[in-house]
Amino acid sequence: MNHVLRAIADVLRQIGGAIATVVTLPFRALARLFGGASGSTRGRRA
């Protein structure tokens, strides 16, 4: 029984990791866009 629970836990961890990456990817892209834009504007002003 114990190895079955471990297998289920591993699957849930993999699914959770995949969901986390998919959810964080768009936010990272937006952060890069806004971060790069703000950084470039600050550099031009200075």
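Residues numbered from 1 in each chain as written. Predicted model: local features only at pLDDT ≥ 70, side-chain atom pairs only at ≥ 80, totals over all residues. Heavy atoms only, no water.

Draft legend 1. Quick peek at the overall build of the chain. Along the chain, the regular secondary structure elements total 1 helix and 0 strands. For the chain, the residues scored as buried account for 0% of the 46 residues in total. With an accessible surface of roughly 4300 Å², the chain has 68% of that area assigned to carbon and sulfur atoms. (Helix = DSSP H or I, 4+ residues; strand = E, 2+ residues; numbered from the N terminus. Buried < 20%, exposed > 50% of the residue type's maximum accessible area, 1.4 Å probe, protein only. Areas by Shrake-Rupley, 256 points an atom, 1.4 Å probe, with all protein chains shown as cover.)

Draft legend 2. Looking closely at the pattern of salt bridges. Within this structure, the stated rule accounts for 1 salt bridge. A salt bridge links aspartate 10 to arginine 13; the shortest N-O distance between them is 3.8 Å. You can see aspartate 10 and its partner arginine 13 sitting in helix α1 (residues 2-45), 3 residues apart, about one turn around the helix. By relative accessible area, which is 62% here, arginine 13 ends up exposed. (Salt bridge = Lys/Arg side-chain N within 4 Å of Asp/Glu carboxyl O.)

Draft legend 3. Region of interest: a nonpolar patch on the surface. Where nonpolar side chains cluster on the molecular surface, the patch consists of Val4, Leu5, Ile8, Val11, Leu12, Ile15, Ile19, Val23, Phe27, Leu30, Leu33 and Phe34 and spans about 1200 Å² of accessible area. As for its placement among the helices and strands, isoleucine 15 is situated in helix α1. (Patch = residues over 30% accessible without salt bridge, like charges linked within 9 Å, V, L, I, M, F, W, Y side chains within 5 Å.)

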